[in-house]
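The residues making up each chain are set out below.
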Amino acid sequence: METVKRMTRDGTMVARLRPAGLALVLALSGSASAAWAADMTGPVREIMDEAERGWSETPAGETRDYFDAERLKRIYSRDFNRAYAAAAKFPAYEDSSSPFDYDVVVSGQDSCTLQDVRIEQKPAEAAVTPVDVSFDNKHCLAEEGAPPPDRSTLIFRMVEEDGRPVIDDIVRPDAAGSLKGELDEIARVAAEEAGKDAQ
């Protein structure tokens, strides 16, 4: 039991006993709320800022690869690094180090400028915190008077490693699906083809 004091309306201080278990429940509840409230959006905002800069007609500053060496180490998970390193052994172009031949944020090789970017952190699911992203990158393709095009969407799957939030995967809608899964598939198919060529 613990003693809880409070002031009555007439100014008298009274003490009551409250079960210690209730205090523990309240403390655990507060810890859970704090865990949910931990901001996991920093790396997501960095990537979306890069996408906005890359597709801007008047970019501010130099653009960078979403997956340059410094970023991979700092804002992506160890498992994402594993998948990327395996796929990067098979670059999409001879003069490139990237396994991708398209922009993975806009899911294409062409895009309008990104507008109205929205980032929303969702409640954690086990060790993964989803961060939903939506944006308009089709406005320049819409015909005059036509309804606005559907917004593009992404789900960043965030985990904590070494005390900081990192991107473990980026999930695109429809068939595109998991970016980490695509990296694994690139490495698998390329390795099989390389094996056939060696025979």
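Residues numbered from 1 in each chain as written. Predicted model: local features only at pLDDT ≥ 70, side-chain atom pairs only at ≥ 80, totals over all residues. Heavy atoms only, no water.

Colleague: Which parts of the structure should I look at to understand the overall build of the protein chain?
Modeller: A count of helical and extended segments in the protein chain gives five helices and seven strands. When the elements of the protein chain are put in sequence order from the N terminus, they spell out β-β-α-α-α-α-β-β-β-β-β-α. Within the protein chain, buried positions represent 30% of all 199 residues. Once local pairs closer than 6 in sequence are excluded, the contacts in the protein chain between residues at least 24 apart make up 47%. (Helix = DSSP H or I, 4+ residues; strand = E, 2+ residues; numbered from the N terminus. Buried < 20%, exposed > 50% of the residue type's maximum accessible area, 1.4 Å probe, protein only. Contact = heavy atoms within 4.5 Å.)

Colleague: Is there a simple way to explain the nonpolar core in this structure?
Modeller: In globular proteins that are soluble, nonpolar side chains generally tend to be buried together. Met48, Tyr66, Phe67, Tyr76, Val105 and Phe156 are the most contacted members of the largest nonpolar core, which has 30 residues in total. Looking at this core, the elements with two or more residues in it are α2 (42–54), α3 (69–75), α4 (78–88), β4 (129–136), β5 (152–161), β6 (164–172) and α5 (179–198). If we skip the residues at most four places from it in the chain, Tyr76 touches Ile47, Tyr66, Phe67, Arg71, Asn81, Val166 and Ile167. (Core = buried A, V, L, I, M, F, W, Y, C linked by side-chain atoms within 4.5 Å.)

Colleague: Is there a simple way to think about the state of the cysteines in this case?
Modeller: Note: disulfide means a covalent bond formed between the sulfur atoms of two cysteine side chains. Counting across every chain of the model gives one disulfide. In this model Cys112 forms its disulfide with Cys140; the gap between the sulfur atoms is 1.8 Å. Residues Cys112 and Cys140 share a disulfide whose torsion about the S-S bond is about -85°; that sign makes it left-handed. Of this pair, Cys112 sits in the loop between α4 and β3 (115–121) while Cys140 sits in the loop between β4 and β5, and the two are 28 residues apart along the sequence. (Disulfide = S-S within 2.5 Å.)

Colleague: What am I meant to see in the pairing of β6 here?
Modeller: In summary, the side chains of a regular strand alternate between the two faces of the sheet. Of the strand pairs in this sheet, β5 and β6 are connected by seven bridges, and their pairing is antiparallel. Across the sheet, the residue bridging to Ile155 is Val171, located in β6. Hairpin connection of β5 to β6: two residues between the antiparallel strands, including Asp162 at a positive phi of 55°. As paired elements, β6 and strand β7 (residues 177–178) share two bridges and run antiparallel to each other. By the bridge assignment for β7, Val171 is matched with Ser178. What sits between β6 and β7 in their antiparallel hairpin is a turn of four residues, with Asp174 showing a positive phi close to 60°. (Pairing = 2+ DSSP bridges.)

Colleague: Just to check I follow, could you spell out the sheet that holds β4 for this structure?
Modeller: What holds strands together in a sheet is hydrogen bonding between their backbones, with the strands either parallel or antiparallel. One open sheet holds the five strands; their spatial order is β3-β4-β5-β6-β7, and the pairing between them is antiparallel. Edge positions in the open sheet fall to β3 and β7, since each of these has one partner strand only.

Colleague: I would appreciate a short explanation of α4 in the present structure.
Modeller: Side chains of residues three or four places apart in an α-helix project in the same direction, reflecting 3.6 residues per turn. Buried residues of α4: Phe80, Ala83, Tyr84 and Ala87, and no others. The arc enclosing the buried residues of α4, seen along the axis, measures out at 95°, which places them on a common side. (Arc of directions from axis to C-beta.)

Colleague: What should I look at first to understand the packing of aromatic side chains in this one?
Modeller: How two aromatic rings sit relative to each other is set out by the distance from centre to centre and by the angle between their planes. A complete count under the given rule lists nine aromatic pairs for this structure. Ring centres of Phe100 and Tyr102 lie 6.0 Å apart, and the angle between their planes is 75°; on these two criteria the pair is classed as edge-to-face. When its relative accessible area of 22% is taken as the criterion, Tyr102 is described as partly exposed. (Phe/Tyr/Trp six-rings, centres within 6.5 Å; stacked < 30°, edge-to-face > 60°.)

Colleague: Looking at this structure, how should I read the pairing of β4?
Modeller: Most of β4 is tucked away: seven of the eight residues are buried. Pairing analysis gives five bridges linking β3 to β4, with the strands arranged antiparallel. Bridge pairing in β4 places Glu120 opposite Asp132.

Colleague: Please clarify how unusual backbone geometry should be interpreted in this entry.
Modeller: Negative phi is the rule for most residues except glycine; trans is the rule for most peptide bonds. Notably, Asp162 is not glycine yet its phi reads approximately 55°, a positive angle. Looking at where Asp162 falls in the secondary structure, it is placed in the loop between β5 and β6. Among the residues examined, Asp162 registers a relative accessible area of 61% and is labelled exposed. We note that Asp174 has phi near 60°; this positive angle belongs to a residue other than glycine.

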